[in-house]
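Read off the chains here:
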Amino acid sequence: MNFNLTEEQQMLQDSLRRFLANEYGFEKRKEIIAAGQGLDKPTWNAFAEMGLLGYTLPEEYGGLGGNAMDTLLVMESFGRALVVEPYLSTVVLGGGIIQDAGSDEQKERILPKIATGEEFLALAHQEPGGRHNLDYVRTEIQKHGDDYILNGRKTAVLNAAGAHYLIVSGRRGGRPTEPVSLFLVNHDTSGVEIEEYTTHDGHRVADVILDSVMVSDDDRIGARGQAMPIIEKGVDRATAALCAEAVGAMEALNATTM
């Protein structure tokens, strides 16, 4: 396998590293964290203008049709500068899941706005008591006529407070024996409560309480009861991205201490 960068990838890496070195110093990062918004909007807009937010999205949705290696290059550069903006939650996790399993309508509505930096997503899957078990889902899905009602609690959801849409997992009746489904939930839907807090590394996360949240079948992502492979693929993608981010952080640390 050839791990050499293409000319386009080298240009991406060089331009992003140059931008972060000039515009995203450690003091700037501290100011962003202190502001409590989870991102600096001008910086996020700059990422959009550079094409970073749509780099791996399909061209028909305003993206550049990049691949997994492009994501790793971006995350490695972000790791070098300890970037706190919600690229992982919105582009890698949220955008990746919509791209993989969303309906045509969901893709057309959401993916172009991810590419332009207008909308944010968050995967609300992890639950209290689940630790690292992806299959631990107790959020209840109840049929209500042609619609569904969600009840449950998700924990440590990256960028939940800033997300326009939450991607929520659940099971019929919350029963462990039932298969998992995914729904796209607008952040201002009645019954959605968000309890936000900051992690040790400066990122914004939240617990999400779902109290009789109404969704329709059009809000479902993928086939009914077939969500676990979608979630597993999304988390695998995010894990690889985090590893690249860690490599970038270690490279910067080594360079600083030599």
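So, here is what we can say about the structure in this document. Being a predicted model, the structure only gives us computed values, none of them experimental.

## Topic: the packing of aromatic side chains
Inspection of every chain in the model, using the stated rule, returns 6 aromatic pairs. Residues F19 and F47 carry aromatic rings whose centres are separated by 6.0 Å and whose planes lie at 65° to one another, so their mutual orientation is edge-to-face. Placement of the pair is F19 in helix 1 (residues 7–23) and F47 in helix 3 (residues 41–49), with a sequence separation of 28 residues. Members of the aromatic cluster, connected to one another through ring pairs, are F19, W44, F47, F78, Y87 and F120. Seen from the ring of Y136, R138 lies directly overhead, with NZ or CZ sitting 4.2 Å from the centre. Over the aromatic face of Y148 sits the side chain of K143, whose NZ or CZ is 4.8 Å from the ring centroid.

## Observations concerning the layout of surface pockets
With a probe scaled to a water molecule rolled over the atoms, the places where space remains empty come into view. The computed volume of the largest pocket comes to approximately 860 Å³. Taken together, 32 residues line the largest pocket, and the ones lying closest to its centre are L88, L93, A156, L158 and L242. Elements that contribute at least two residues to the lining of the largest pocket include exactly helix 4 (68–81), helix 5 (87–101), strand 3 (147–158), strand 7 (204–216) and helix 7 (228–257). Looking at the lining of the largest pocket, the element that brings in the most residues is helix 7, giving 5 residues. Of the residues assigned to the lining of the largest pocket, the class counts are 17 nonpolar, 10 polar and 5 charged.

## Things to note about the packing of helix 5 against helix 6 (residues 104–115)
Where helix 5 meets helix 6, the axes come as close as 10 Å, and the angle between the chain directions of the two elements is 160°. Classified by the interaxial angle, the pair formed by helix 5 and helix 6 is roughly antiparallel. The two elements helix 5 and helix 6 meet at a crossing, and its hand is left-handed. Mapping the contact onto sequence places T90, V91, G95, I98 and Q99 in helix 5 and Q106, K107, L111 and I114 in helix 6.

## Describing empty space enclosed by the protein
Going through the model one piece at a time under the given rule, you end up with 2 cavities of 30 Å³ or more. By volume, the largest cavity amounts to about 50 Å³. Taken together, H125, Q126, E127, G130, R131, H132, N133, L134 and Y136 make up the lining of the largest cavity. Class assignment for the residues of the lining of the largest cavity results in 2 nonpolar, 5 polar and 2 charged. Approximately 40 Å³ is the volume attributed to the second largest cavity.

## Some remarks on the pairing of strand 3
Taken together, the 5 bridges between strand 2 (residues 140–144) and strand 3 define a ladder with antiparallel strand orientation. Bridged to E140 within strand 3 is N151. Hairpin connection of strand 2 to strand 3: 2 residues between the antiparallel strands, including G145 at a positive phi of 65°.

## Here we look at the side chain of T139
Position of T139 relative to the elements: it lies in the loop between strand 1 (121–124) and strand 2. Of the polar contacts made by the side chain of T139, one reaches the side chain of E127; its length is 2.7 Å. There is a polar contact of 3.3 Å between the side chain of T139 and the side chain of K154. With sequence-adjacent residues up to four places away left out, T139 is seen in contact with E127, N151, G152, R153, K154, S169, G170, R171, G174 and L210.

Reading the values: rules and limits
- Residues numbered from 1 in each chain as written.
- Predicted model: local features only at pLDDT ≥ 70, side-chain atom pairs only at ≥ 80, totals over all residues.
- Heavy atoms only, no water.
- Phe/Tyr/Trp six-rings, centres within 6.5 Å; stacked < 30°, edge-to-face > 60°.
- Helix = DSSP H or I, 4+ residues; strand = E, 2+ residues; numbered from the N terminus.
- Lys NZ or Arg CZ within 6 Å of the ring centre and 35° of its normal.
- 1 Å grid on protein atoms, 1.4 Å probe; cavity = no way out; pocket = protein on both sides within 12 Å on 5 of 7 lines; lining within 4 Å.
- Points joined across faces, edges and corners; volume = space filled by probe spheres on them.
- Nonpolar A, V, L, I, M, F, W, Y, C, P; charged D, E, K, R; others polar.
- Axes fitted to C-alpha atoms, helices over the stretch in contact; angles between N-to-C directions.
- Parallel < 35°, antiparallel > 145°, perpendicular 65-115°, else oblique.
- Left-handed = near helix turned anticlockwise from the far one by under 90°.
- Contact = heavy atoms within 4.5 Å.
- Pairing = 2+ DSSP bridges.
- Polar contact = N/O pair within 3.5 Å; in protein donor to acceptor, adjacent residues only side chain to side chain.

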